Amino acid sequence: MPDGTAMTDIGLVPGRECGPCTVCCVALTIDDPDLRKVQGYRCRNMLPGKGCGIYETRPQACRAFFCGWRQLKWVRPTLRPDQSGVLVRLHYEVAKTTGEQRLGVMITLLTDAALKAEGLAETVAAAVNAEIPVYLHVPGPPGHTAAEARINDVLRDAVITHDKPALLETLRRARAKAKGGKFKPIVLPPRPAGRAGQ
Ligand code: SF4
Ligand code: SF4
């Protein structure tokens, strides 16, 4: 980072607002006492193109969530999820031996066109260069599980040689391969007694 900011620094990036973006209101599985939904389906409170219809009283899970575009300065400004089709999430890797948590990112390409998003290759390359774990997340059909794969190693040559077409082609192939996998319906855990009907 030119200003000396560490790549692992997290904090809301000044000047970036959700605006009309509602990508996380569709793409996430949410299991909150006040809202349960599975990925791929629009939240019932969402006003398409406008935002949350219950913003002031939205569930805690929604209050706590900010995507990587909102929190990581090195994620390119052009990657607002609704405009780019690229959803970056913080994704912590836990070391098996020490239990230590390490910041990584999980990238979902929401559409085929997302591969052409300005700044995608540069953002991914920056993470790989900085040894930040990068996971490709490929959701199954709505309401189904997703495939996830750590892609640092397969991208490394393209990153080292600054070969942007090769990096994007590797991403495309990895996504296409994962999409052909098997996905299971998501089963949310039973809700606690007294919370029926949400
Ligand atoms: S995906 Fe990111 S930018 Fe879009 S509404 Fe969610 S937090 Fe905001
Ligand atoms: S409650 Fe609001 S912020 Fe939360 S998922 Fe639904 S529309 Fe989005």
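Since the structure is predicted, the reported quantities are computational estimates derived from the model, not experimental observations.

Definitions and cut-offs
Residues numbered from 1 in each chain as written. Chains lettered and ligands numbered in written order. Predicted model: local features only at pLDDT ≥ 70, side-chain atom pairs only at ≥ 80, totals over all residues. Near = placed C-beta within 6 Å. Nonpolar A, V, L, I, M, F, W, Y, C, P; charged D, E, K, R; others polar. Domains from an automatic or database assignment. Contact = placed C-beta atoms within 7 Å. Buried ≥ 20, exposed ≤ 12 C-beta atoms within 10 Å, placed from the backbone. Helix = DSSP H or I, 4+ residues; strand = E, 2+ residues; numbered from the N terminus. Arc of directions from axis to C-beta. Axes fitted to C-alpha atoms, helices over the stretch in contact; angles between N-to-C directions. Parallel < 35°, antiparallel > 145°, perpendicular 65-115°, else oblique.

Trainee: Please give an account of the site of ligand 1 that cites residues and values.
Mentor: Close contacts around ligand 1 come from Cys18, Cys21, Thr22, Val23, Cys24, Phe66, Cys67, Trp69, Arg70, Arg80, Pro81 and Leu87, and that covers them all. Taken together, the residues of the shell around ligand 1 break down into nine nonpolar, one polar and two charged. Composition of the shell around ligand 1 by domain shows at least three residues from each of domain 1 (18-65) and domain 2 (66-179).

Trainee: So what's going on with the domain arrangement of the protein chain? Residues and values would help.
Mentor: A common way to state how big an interface is: give the accessible area lost once the parts meet. Under the domain assignment, the protein chain is made up of domain 1 (18-65) and domain 2 (66-179). Just the C-alpha atoms count here: the centres of domain 1 and domain 2 sit 22 Å apart. Counting from both sides, the interface comprises ten residues of domain 1 and, opposite them, twelve residues of domain 2. Here the side of domain 1 that touches domain 2 is built from residues that sort into eight nonpolar, two polar and no charged.

Trainee: Please set out helix α6 (residues 152-160) residue by residue, giving values where relevant.
Mentor: Of all the residues in α6, the buried ones are Leu155, Ala158 and Val159. Buried residues of α6, viewed axially, fall in a sector of 100°; they line one side. For α6, the exposed residues lying more than 90 degrees away from the buried face are Asp153, Asp157 and Ile160. Count one or two residues on from α6 and you reach His162, which has phi positive near 55°.

Trainee: An account of the packing of helix α5 (residues 120-129) against α6 is needed here, citing residue identities and associated values.
Mentor: A packed helix pair is summarised by two numbers, namely the angle formed by the two axes and the spacing between the axes. The geometry of α5 relative to α6 is characterised by a closest axis approach of 10 Å and an angle of 105° between their N-to-C directions. Comparing the axis directions of α5 and α6 gives the class roughly perpendicular. Where α5 approaches α6, its residues Val124, Ala125, Val128 and Asn129 are matched on the opposing element by Asn152, Leu155, Arg156 and Val159. In the contact of α5 with α6, the residues fall into five nonpolar, two polar and one charged.

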